[in-house]
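Observations on chain architecture
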There are 2 protein chains.
Amino acid sequence: MRLLERTLAEIGKPDGSAIAAARKRLDNLTKPLGSLGVLEDLAAKLAGISGKTVPPAGWPVDKAVVVMAGDHGVTAEGVSAYPQEVTVQMIANFVRGGAGINVLARQAGARVVVVDMGVAGEVADPAVLSRKIRPGTRNIAAGPAMDREDAVAALEAGIAVASAEVEKGAALLATGDMGIGNTTPSSAITAAFAGMPVQTLVGSGTGIDGERRRDKVAVVERALAANSPDPRDGIAVLAALGGFEIGGLAGLILGAAARRVPIIIDGFIAGAAALVAARIKREATSFMIASHLSEEPGHRICLELLGLEPVLRLRMRLGEGTGAVLAMNLVEASARIIREMATFGEAGVSTAIEG
Amino acid sequence: MRLLERTLAEIGKPDGSAIAAARKRLDNLTKPLGSLGVLEDLAAKLAGISGKTVPPAGWPVDKAVVVMAGDHGVTAEGVSAYPQEVTVQMIANFVRGGAGINVLARQAGARVVVVDMGVAGEVADPAVLSRKIRPGTRNIAAGPAMDREDAVAALEAGIAVASAEVEKGAALLATGDMGIGNTTPSSAITAAFAGMPVQTLVGSGTGIDGERRRDKVAVVERALAANSPDPRDGIAVLAALGGFEIGGLAGLILGAAARRVPIIIDGFIAGAAALVAARIKREATSFMIASHLSEEPGHRICLELLGLEPVLRLRMRLGEGTGAVLAMNLVEASARIIREMATFGEAGVSTAIEG
C-alpha cells in the first residue's frame, strides 16, 4: 500500500470518552461554568486528539511550524504585487531568521522548518529541506497545475515531513507557506469546493487592488473553466488548481492527523490546503485547530466549509504561518488551564447557588 | 497638591514622532504593507507610549497583572449566582496559585499582584496587599456605593500600586478583578456614561439567566434612579455606582498612564474602570490596550466609548485579568516584530512591483 493510503487508513476519530472526561474536569474548576469559552473548547479538543484528559506537564515541549514553499505558473498573468523571485529571496530570509515567521516563532518557542516543495529557482541552502516536486506549477489559467502523480507526490512529501517532525518530538505542529501568487490557486481551490462565485472570495493578496483585482477574478474564472475538476475528488482539485506547497501542506495535515498530533492551520493558503485534506479524509478536520481569520475574503469560506472557528482576528494577511504560531499561546494556555487550575473542592470555594 | 491631581497633571499625549518613525520602519519590513494588521498597530501604539521607535531587547523583562478585589452591598439583591464569601475564598485561591489568573499569568510569565481594595471579610494573608477602603460598598440600589472621599482614596490607592509596580520594574501592566456581584456596578457605570437602556448591556455575569437576569436589570435601573450621578463627573459616577476594586483599577490605569507604561484592560469590570479613568482624564486612553471582547454585552459598549479595539474574541467571561494576560503575548509579539524583522534592504528582497 502506498504511503498516502496507509496514512488515510490510520486517521481515526477523536476520543469521545477523553472529551467527556475533559469537559467534566473543566466544569469542576474554580470558575463560572463555561467562562473560559474558547480555551475550554481547545482543552476538550486536545483531549479528543491525544486521548488524554489532561496533557502531560510542560506539554508541548517541542513544537514546529512547517513553512512550505512553491512557485506558481499563474504569476505570468500578473496576479501578484511581487515578482516571482521573491519566493527564493524570502527563503533566504527564513534561513537567516529575519522574516515575520522567524520572529513570531521565536516568540512562540517553535522551530521553523523550511521545505522547498516546488520553488522555480534553485535553493541550495542545506537548512532548507528539499522536497521539490517540480520547479513551479504550470499556469492554471491555461490547464492543470500539475499531473495527478505529482499531486500525490506532494501529499506524500508532506506526510513524510509530518512523520519526521513527530519523530523529532514535535507535539504541536503549525502550517506555514511561501509562494508568490499563491492566493490565486487558493482562491480557485476554495471556489471549486464551495461552488461559489469567484468574485466573492478573491482578495488583494499581497496588495493589488481595483483593476488588478478584477483581472485576478478573471484569471481564477479561467482556471476553473479550463480545468473544471470534480469537487468530490480532493486530489483532482489539487492537481488541477493547486500549488506544490499547498499539496505539501495538505499532506502535512493528513500526516499530523494520522499521528494524532494537533495541527494549527494558518490563513488562506493553509485553509485551501486544509480543504484538500478534508476532502481526501473528512476525519482529518478533528485534528485541525484554526488560528486567525485572514483579511483574504476566501478564508472565511474555507473555515466555514471546515467547520472551524478562528481564535484570532488580527487583520493579518502575511501567511508564512504567522497567525498559526501566534495561536500556539492560546493552545498552550488551554492545556495549562485543564492541568493546573484548582477544582472547587481542592480550593474550598463555594459553588454556584442553586436555583 | 493631592496625589490624584498630581497624577492627572503628569498624563501626557502619545509621542507623535515616535509613532511616525515606527510606522515608517514597519512599512519597510519584509512583508506586504500593513499585512501584520493589529500587530503593527500595537507596535505603533507602544512607540507612542514609550517615545521609543523600537523597544529595548527583551522588552518587557518584568510584567504584572494587578488583581483588585472588593465586595458589593448590592449582592443583597440576589444579582449573582455565587455567595459573597466566594470573594475571600478566591483570594485564597489566588495566593495558592490555583485560579485561572494564576495559570494564565504563568503562561504569560507575569507576576500576579493581589490587592484587597474593599473585601467584606477579613484577608490576613501577607501575600495580599491590603488597601482596604471599607469592607464592601453600600447597596447601590438604595443609594451611593461610597462617599466621594472614599472614591478618591480608591483611585489614589490604585495610583500608588501602579507606581510601586513600575518601581519594581514592571514595563507592562494588566488589570484584573475579583468581586462577587461586580458585573452589576459595572453595568450601572457603563449605562450612566453611555446613556443607554440598561437591558441592552446587562448580562448573565457568572451565570444567572431568565428571570434573575430581568431582576438584575431592575436592580441596575433602581441604582441609576436612586443615584443619578452627573455622567460628566467620573469621580461622582464611581462614588455613586462603583466598587472599591473598580476605583482601584481606574487609579491603576491613571497611574500607569502617568508613568507612560502600557496597561492592558481585561473585560467588563476593567472596562467600567477604564471608562471612569477616561472620564477623569481623556488622554489616559492612549495608554490602554484592549485585550479580549467579553461575553458580557456591556463590554462592547465600554470599548466603543473608549475607542479601543479588542485583540481577542474567545467567548470568555471570567474576569480576574485572564483576558488581559492572554493578550500580553500579542503585545510582546508586536514589540518583537518591529525590533527583530529584517527590512527589504537588509534581506535583499525585492519590493512590490509598481503600478
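Residues numbered from 1 in each chain as written. Chains lettered and ligands numbered in written order. Predicted model: local features only at pLDDT ≥ 70, side-chain atom pairs only at ≥ 80, totals over all residues. Heavy atoms only, no water.

A closer look at the domain arrangement of chain A
All names here are of chain A. Partitioning chain A into domains gives domain 1 (3-57 + 337-347) and domain 2 (62-329). Of the residues lining the interface, 16 residues belong to domain 1; the matching set on domain 2 comes to 25 residues. Broken down residue by residue, the surface that domain 1 buries against domain 2 is led by Leu 4, Ile 11 and Ile 49, which jointly contribute 38%. Linking domain 1 to domain 2 there are one salt bridge. The salt bridge partner of Lys 13 is Glu 283, with a shortest N-O separation of 3.8 Å. Linking domain 1 with domain 2 are seven residue pairs in polar contact (both at pLDDT 80 or more), by the criterion used here. Of all elements in the fold, only helix H1 (3-10) and helix H3 (37-50) reach the threshold of two or more residues within the side of domain 1 that touches domain 2. Considering each element in turn, the side of domain 1 that touches domain 2 owes the most residues, six residues, to H3. (Domains from an automatic or database assignment. Contact = heavy atoms within 4.5 Å. Buried area = accessible area lost by both parts, 1.4 Å probe. Salt bridge = Lys/Arg side-chain N within 4 Å of Asp/Glu carboxyl O. Polar contact = N/O pair within 3.5 Å; in protein donor to acceptor, adjacent residues only side chain to side chain. Helix = DSSP H or I, 4+ residues; strand = E, 2+ residues; numbered from the N terminus.)

Notes on the sheet that holds strand E2 (residues 111-118) of chain B
Sheet strands pair by backbone hydrogen bonding; their relative direction is either parallel or antiparallel. Residues and elements named next belong to chain B. An order of E3-E2-E1-E4-E5-E6 is seen for the six strands of this open sheet, with the pairing classed as parallel. Both outer strands of the open sheet, strand E3 (129-130) and strand E6 (288-290), are each paired with one neighbouring strand and no more. Across two bridges, strand E4 (residues 170-178) lies against strand E5 (residues 263-265) in parallel orientation. Bridged to Ala 174 within E5 is Ile 264. (Pairing = 2+ DSSP bridges.)

Focus on the environment of Glu283(B)
Residue and element names in this part refer to chain B. Tracing the backbone shows Glu 283 in the loop between helix H11 (268-280) and E6. For the pair Glu 283 and Leu 33, spaced 250 residues apart in sequence, the C-alpha separation works out to 29 Å. When sequence neighbours within four positions are dropped, the list of residues in contact with Glu 283 reads Ile 11, Gly 12 and Lys 13.

Considering the side chain of Asp150(A)
Residues and elements named next belong to chain A. Topologically, Asp 150 is positioned in helix H6 (residues 148-168). Given the relative accessible area of 10%, Asp 150 is considered buried. Excluding anything up to four places from it in sequence, Asp 150 contacts Ile 133, Arg 134 and Phe 244. (Buried < 20%, exposed > 50% of the residue type's maximum accessible area, 1.4 Å probe, protein only.)

Describing the relation of the copies chain B and chain A
Overlaying chain B with chain A gives an RMSD of 0.0 Å, the required rotation being 180° about an axis along which the chain moves by 0.0 Å. The transformation relating the two chain copies, once decomposed into turn and shift, fits a two-fold axis. By C-alpha distance to the rotation axis, the residue of chain B lying nearest is Leu312(B), at 3.0 Å. (Least-squares fit on C-alpha atoms with pLDDT ≥ 70 in both.)

Concerning a positive patch on the surface
A cluster of like positive charges, contributed by Arg300(A), Arg313(A), Arg300(B) and Arg313(B), occupies part of the molecular surface. In this fold, Arg313(B) is placed in the loop between helix H12 (297-306) and helix H13 (322-340). (Patch = residues over 30% accessible without salt bridge, like charges linked within 9 Å, V, L, I, M, F, W, Y side chains within 5 Å. Areas by Shrake-Rupley, 256 points an atom, 1.4 Å probe, with all protein chains shown as cover. Lys, Arg positive; Asp, Glu negative; His and termini not counted. Charge placed at Lys NZ, Arg CZ, Asp CG, Glu CD.)

Digging into the sheet that holds strand E1 (residues 62-70) of chain A
Residue and element names in this part refer to chain A. Read from one edge to the other, the open sheet built from six strands follows the order E3-E2-E1-E4-E5-E6, with strand pairing classed as parallel. Two strands bound the open sheet, and with one partner strand each, they are strand E3 (129-130) and strand E6 (288-290). Contacts between helix H5 (residues 100-108) and the sheet are confined to E1 and strand E2 (111-118), with E1 contributing the most and set at about 170° to the helix. (Axes fitted to C-alpha atoms, helices over the stretch in contact; angles between N-to-C directions.)

Topic: H13(B)
Counted at 1.5 Å a residue, the expected span for H13(B) with its 19 residues is 27 Å, and the 28 Å between its end C-alpha atoms agrees. Taken across its 19 residues, H13(B) has 16 buried, putting it largely inside the fold. (Expected span 1.5 Å × (residues − 1).)

Things to note about the interface of chain B and chain A
Taken together, the 60 residues of chain B in the interface contact 60 residues of chain A. Across the chain B to chain A interface the summed buried area is about 5100 Å²; carbon plus sulfur atoms make up 56%. Contact with chain A buries surface across chain B, with Tyr82(B), Gln107(B) and Arg315(B) losing the most and accounting together for 12% of the total. A salt bridge links Glu309(B) to Arg315(A), with the nearest nitrogen and oxygen atoms 2.7 Å apart. For the pair chain B and chain A, the number of links is 24 residue pairs in polar contact (both at pLDDT 80 or more). Put simply, the parts of the chain that give the side of chain B that touches chain A at least two residues each are helix H3 (37-50), helix H4 (86-96), helix H5 (100-108), H13 and helix H14 (344-347) of chain B. It is H13(B) that provides the largest number of residues to the side of chain B that touches chain A, a total of nine residues.

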